[in-house]
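Close look at the chain arrangement
What follows is each chain in one-letter form.
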Amino acid sequence: MENNVAQTAPTGGLFRNRVFLAIIMSGLFLQVGIWVRNFAVLLFVMEQTKGDAFAVSMISVAEFAPIFIFSFIGGTFADRWAPKKTMVWCDILSAVSIFAVLITLIFGTWKVVFFATLISAILSQFSQPSGMKLFKMHLSADQVQQAMSVYQTVFALFMVLGPIIGTFVFQSFGIDVSIAVTGIAFLLSAGALAFLPKDRPLEEVGESTLLQEMKSGIKYVLEKKELSLLGLCFMAAGLGIGFINPLSIFLVTEQLNLPKENLQWLLMINGAGMILGGAVAMIFAKNVAPQRLLVFGMLVNGIGIAVMGWSTNLWITLIAEFCNGLMMPCIQIGINTLILQKTEEAFIGRVNGILSPLFAGSMVITMSVAGVLKENFSLVTTFETSAVLFIIGLLFILPLYNQKQQTKPEVLNSK
């Protein structure tokens, strides 16, 4: 299967690649919609429940639980379905669901707002692996890490702009307009994806059933040392992030004694670090092995989370946030590049569908108990536990640190 990469890879630069540009434009629109939705839902639920920790943590559960439940199924279908058509229809259906939530929100109960996150999160489990498959099909091996660096930089840009946009739209226009903006952004994303080249004819899958293909995907991951270790690293990092993700707003209100709206400034400084980190990663992407990026990123983030949980000083917290943001592109680029480099095209969806639930499932477990842990122990204990889990994840991936970089995946007889 790796020969397909060479056959379809572009001869020109990355920024002249039609697939890359279409996916980046789609990503821009999606980021606008996602950030407006996330901040609107967060601030709206905080208002409606008067800052209830359990309700706030359930927002994150609605966002990440579908990854655990649907990712493997979505990844398996992504290996079967045409990637362009899959991505376009997922964005269209997400927009339709958002407008349905809007109608219910206007005429029914405010609690339906959780579905604004839930439904689009489910559909993204079918769309996201299709995007990775397009990268694998249309980018040469030496362009993959650079492409991931650019994509991560776009994501980082919205870590700065997203909180500003989301807070402004919600505070200026309210929850109804915020949800409507999200739906429009998803439609614009579908329009950008329409510029992707036509899907090539799909290979025959023979008489294999969906269950057989899922089993072959599991076998493939277990036979690849790099993917197995990456899965263990995913689990530890997911457990760690799950503890702190829904509780970040309490760093602002309890540790720093600031109004809840100031969360946007912590996210902005984190995003500024991510932009700088993404830019540096773009420069050095071809010279540093992805597993080394991942190890270094996990180490710095573990230390940063520990400092954030302990600090009651705004400037110390901001410095820790910046360092975490600076190293986050190393983690994201390292993970995605390892998956694309170590996986055959025919298994991209299933590998993504196996590894993502390990991360998201672990995250959902700790998200579900994060509010309880905070109430029964302390916010500091929760953050320090998260930091320890990051270090454990680093130890899992450490055996790959000195491995030589490969440009083609090893072919296994897992079909």
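Heads up: these notes are all about the structure in this document. (Residues numbered from 1 in each chain as written. Predicted model: local features only at pLDDT ≥ 70, side-chain atom pairs only at ≥ 80, totals over all residues. Heavy atoms only, no water.)

Description of the side chain of Thr 167
Relative to the helices and strands, Thr 167 is located in helix H6 (residues 141-193). Excluding its chain neighbours within four sequence positions, the residues that come into contact with Thr 167 are Phe 39, Leu 43 and Gln 264. (Helix = DSSP H or I, 4+ residues; strand = E, 2+ residues; numbered from the N terminus. Contact = heavy atoms within 4.5 Å.)

Focus: the pattern of salt bridges
The full count for this structure, using the stated rule, is four salt bridges. Between Arg 350 and Asp 79 there is a salt bridge, with the nearest N and O atoms lying 2.9 Å from each other. Pair noted here: Arg 350 is in helix H13 (residues 348-376) and Asp 79 is in helix H3 (residues 53-80), with a separation of 271 residues, a long-range link. Across the pair Lys 374 and Glu 375 runs a salt bridge whose closest N-O atoms are separated by 3.4 Å. (Salt bridge = Lys/Arg side-chain N within 4 Å of Asp/Glu carboxyl O.)

Focus on the environment of Phe 70
Along the chain, Phe 70 falls in helix H3. In this structure, the C-alpha to C-alpha distance between Phe 70 and Phe 250, residues 180 residues apart in sequence, is 30 Å. Other than its neighbours up to four places away in sequence, Phe 70 contacts Ile 122 and Gln 125.

Focus on the state of the cysteines
The final tally for this structure, using the stated rule, is zero disulfides. No disulfide involves Cys 323; its sulfur sits 12 Å from the nearest other cysteine sulfur, which is in Cys 330. The exposure class assigned to Cys 323 is partly exposed, which follows from its relative accessible area of 33%. (Disulfide = S-S within 2.5 Å. Buried < 20%, exposed > 50% of the residue type's maximum accessible area, 1.4 Å probe, protein only.)

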